[in-house]
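Here are the chains, one letter per residue:
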Amino acid sequence: MTTITYVEAHGQAVTVDVADGWSLMQGAVANGVEGILGECGGSCACATCHCYVDEARIGELPPPADNELDMLEDAAAPRRSNSRLACQVKVHSAMAGLIVHLPDRQQ
Amino acid sequence: MFVFDPYDPIVDSNPFPLYKELRDHYPCYWSEAGKVWVLSRYADVVAAASDWQTYSSLKGNLLAELPSRTGATLGTTDPPRHDRLRALVQHAFTRRNLAGLDEQLREIARTAVRSFEGRERLDFNREFSTEMTMKTLSLIIGLPPTDENHLRRQAMLCVQTDPVVKGKTEEHERAFKWINEFAVSVIEERRARPKDDLISQFSVAEIDGDRLDEREVIMTTTMLIVAGAESMGAFMSLMAMNLADHPEALARCVQNPDLLPDAIEESLRFNTSAQRFKRTLTRDVELHGQRMKAGDAVCLTYGSANRDERQFPDPDRYDLDRKPRGHLGFGSGVHACLGSMMARQVLRVAFEEFHKVFPRYRRAEADLPWMPSTNFRSPTRLELVLE
């Protein structure tokens, strides 16, 4: 289990233990974190799991693949350099303490 | 002695007590009858669905497989090929594309509902689910008009299994072949005279400049038909069954149709049509004290994970207010259902229109006939009394 902190749009921070191998999206929806939808179930088909990964640590993550980059174009909230689709980021122990900011809208 | 046999008719009609036994006492269970390890807890099913490298789909995702299709469909390929194939068809099933079809979907629903006016009884499955799903599919992927009941029947046969032979019979294989041939005829027609639809685009699509393998084109098109016709048809009937069996929830949805999306999500959790899917291990895995070996088949029991009280409190209650985020009614991960947005929209429109004319209904039969299938749960008849 790895500790991840999700910061909801209005500022509320929720810290969750996410099972290794689960995605940031699954960690959020299975633990009641508001602000991530994940309508397509994690198949990179909807862009409703858009998040902003802490800029200080985003370089630790494997870079997005083409399908994620394509889908990010559809994100509802502004796309930033630290935008990722949460369903494409798998959690593992080296990510402990990662902070993930959620946008104010997903649709 | 406890036995979980995915071919047993009790698994078709009422798997839920067996699922609970599996979750509580045998969370990593070797089914001798199914020759498959059965995972039943939410946490384990999510972990497996997320780990395609270990839990591969290449050898098929049906517990009783149709070997000619493996490696050539979305459900039977792994990334990276899977992702490229999916990217070619996904655009037709996005919320944005479907939003533009809302009025046409509504017209399909209205036409069907109008044809039931004055009726006191209805086989919802045969008369409405089939009509709605087949016409929707035709609209979205570009199938020509055809005998819808016949096509749905062939699709159902593709996903059925025989409890005696514990696998597919000639009848099932013939049905698959029929749909293949139907797909081939449509593909050829669309290549000769392209229209602005998915099959036209898909039939000439390329990945990195390479034309798709002909088998991929035919098999993927076939599975779009089977999944749309049968998975969605069955799910629509199960939703009707849920509302018929929970009159309070039905009344609330009729009074406030904005509750239908919640009813649909809870239906997906409670008893969706796609209950169990197969994977094949690429390495040894130890889980709950069991050693699963590379090459072993594993059953991801989405239908059980959705009833796991470790994730969903009071799981056997159909609760309109639950809002079950993270449910596995459409699976999870790279293979999560391609048609999920389509199914949500179609069911919402269908029930909105149905409830305008038929706001109260109940089941005519206590016991339903269930399709025999190691993967899917589908009532082959749902007689409703329209009050």
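This text gives an overview of the structure that appears in the document. (Residues numbered from 1 in each chain as written. Chains lettered and ligands numbered in written order. Predicted model: local features only at pLDDT ≥ 70, side-chain atom pairs only at ≥ 80, totals over all residues. Heavy atoms only, no water.)

## Topic: the interface of chain B and chain A
Threshold: Throughout, a residue-residue contact means that at least one pair of heavy atoms, one from each residue, lies within 4.5 Å. Joining two parts hides part of their accessible area as seen by a 1.4 Å probe, and the buried area is that hidden amount summed over both. What counts as a salt bridge is simple: a side-chain nitrogen of Lys or Arg found within 4 Å of a carboxyl oxygen of Asp or Glu. Throughout this description, a polar contact denotes any pair of N or O atoms lying within 3.5 Å of each other; where both atoms belong to protein, one of them has to be capable of donating a hydrogen while the other can accept it, and for residues adjacent in sequence the pair is counted only when both atoms sit in side chains. Strands are runs of DSSP state E lasting at least 2 residues, helices are runs of H or I lasting at least 4, and numbering of each runs from the N terminus.
Facing 21 residues of chain B, the contacting portion of chain A comprises 21 residues. When chain B packs against chain A, close to 1,500 Å² is buried across both sides, 40% of that on carbon and sulfur atoms. Here chain B and chain A share 2 salt bridges between them. Glu 39 of chain A serves as the salt-bridge partner of Arg 95 of chain B, at 2.5 Å between the closest nitrogen and oxygen. Counting every contact that joins chain B to chain A gives 12 residue pairs in polar contact (both at pLDDT 80 or more). Secondary-structure elements contributing two or more residues to the side of chain B that touches chain A are helix 3 (42-50), helix 4 (81-89), helix 5 (95-99) and helix 15 (340-357) of chain B. Looking at the side of chain B that touches chain A, the element that brings in the most residues is helix 3 of chain B, giving 5 residues.

## Details of helix 11 (residues 214-245) of chain B
All names here are of chain B. The cut-off we apply is this: Given a helix with a known number of residues, its expected span is that number minus one, times 1.5 Å. Throughout this description, buried means an accessible area under 20% of the type-specific maximum (1.4 Å probe, protein chains only), exposed means over 50%, and partly exposed covers the range between.
Here helix 11 contains 32 residues, and its C-alpha end-to-end distance of 46 Å stays within 8% of the 46 Å for a straight helix at 1.5 Å per residue. With 28 of its 32 residues buried, helix 11 lies for the most part within the structure. By the N-cap criterion, in which a side-chain oxygen at the helix start approaches the backbone nitrogen of a residue two or three places on, helix 11 is capped by Asp 213, the distance to Arg 215 being 3.0 Å.

## So, the packing of helix 7 (residues 124-141) of chain B against helix 11 of chain B
All names here are of chain B. So the rule is basically this: Every axis in this analysis is a line fitted to C-alpha atoms, fitted for helices over the stretch in contact. Angles between the N-to-C directions lie between 0 and 180 degrees. Oblique is the label for every angle not falling under 35 degrees (roughly parallel), over 145 degrees (roughly antiparallel), or within 65 to 115 degrees (roughly perpendicular). Should the near helix be turned anticlockwise from the far one by less than a right angle, the crossing is left-handed, and should it be turned clockwise, the crossing is right-handed. Only Asp, Glu, Lys and Arg are considered charged, only Ala, Val, Leu, Ile, Met, Phe, Trp, Tyr, Cys and Pro nonpolar, and every remaining residue, Gly among them, polar.
Orientation of helix 7 relative to helix 11, taken along the N-to-C sense of each, is 140°, at an axis distance of 9 Å. By the angle between their directions, the pair helix 7 and helix 11 is classed as oblique. Pair helix 7 / helix 11 crosses with right-handed handedness. Across the interface between the two elements, Phe 124, Asn 125, Phe 128, Ser 129, Met 132, Thr 133, Met 134, Thr 136, Leu 137 and Ile 141 of helix 7 pack against Leu 224, Ile 225, Gly 228, Ala 229, Met 232, Gly 233, Met 236, Ser 237 and Ala 240 of helix 11. Each residue belonging to the contact of helix 7 with helix 11 can be placed in one class, and the counts come to 12 nonpolar, 7 polar and no charged.

## Overview of empty space enclosed by the protein
The condition is simple: Only protein atoms enter the 1 Å grid, on which a cavity is a set of points fitting a 1.4 Å probe that cannot get out and a pocket is an open set with protein on both sides within 12 Å along at least 5 of 7 lines, lining residues being those with an atom within 4 Å of a point. Grid points are joined across faces, edges and corners, and a volume is the space filled by probe spheres set on the points.
Tallied over the full model, the rule gives 3 cavities of 30 Å³ or more. Empty space within the largest cavity amounts to approximately 780 Å³. Taken together, 40 residues line the largest cavity, and the ones lying closest to its centre are Ala 227, Ser 231, Phe 277, Cys 337 and Leu 338 of chain B. Those elements giving two or more residues to the lining of the largest cavity turn out to be helix 4, helix 11, strand 7 (276-281) and helix 15 of chain B. Per-element tally for the lining of the largest cavity: the top contributor is helix 11 of chain B, with 9 residues. Among the residues forming the lining of the largest cavity, the class breakdown is 23 nonpolar, 14 polar and 3 charged. Reported here for the second largest cavity is a volume of approximately 80 Å³. Lining of the second largest cavity is provided by Cys 40, Ser 43, Ala 45 and Cys 46 of chain A together with Arg 86, Gln 90, Phe 93, Thr 94, Cys 337, Leu 338, Ser 340 and Met 341 of chain B. Residues of the lining of the second largest cavity, tallied by class, amount to 7 nonpolar, 4 polar and 1 charged.

## Some remarks on the state of the cysteines
Residues and elements named next belong to chain B. The condition that has to hold: Any two cysteine sulfur atoms within 2.5 Å of one another count as a disulfide.
This model, assessed by the stated rule, comprises 0 disulfides over all chains. You can see Cys 28 has no disulfide; the closest cysteine sulfur is in Cys 299, sitting 11 Å from it. Among the cysteines around Cys 158, which has no disulfide bond, Cys 337 carries the closest sulfur, lying 17 Å off.

## What to know about the sheet that holds strand 4 (residues 121-123) of chain B
Strands pair in a sheet through their backbones, by hydrogen bonds, and they do so in one of two ways: parallel or antiparallel. Residues and elements named next belong to chain B. Here is the rule we go by: A strand pair is defined by DSSP finding two or more bridges across the two strands.
Strand order in the open sheet made by the 3 strands is 4-12-11, with antiparallel pairing throughout. Since the sheet does not close on itself, it has two edges, and those belong to strand 4 and strand 11 (361-363), each with one partner. Strand after strand, the sheet turns through a mean of 30° between neighbouring axes, direction not considered. Bridging between strand 11 and strand 12 (residues 383-386) involves 3 bridges; their strand directions are antiparallel. Along strand 12, the bridge assignment pairs Arg 362 with Val 385.

## Quick notes on the pairing of strand 2 (residues 13-18) of chain A
Residue and element names in this part refer to chain A. Strand direction decides the pairing type here: strand 1 (residues 2-7) and strand 2, joined by 6 bridges, are antiparallel. Bridge pairing in strand 2 links Thr 2 to Val 18. In this antiparallel pair of consecutive strands, strand 1 and strand 2, the connection spans 5 residues, and Gly 11 shows a positive phi of 110°.

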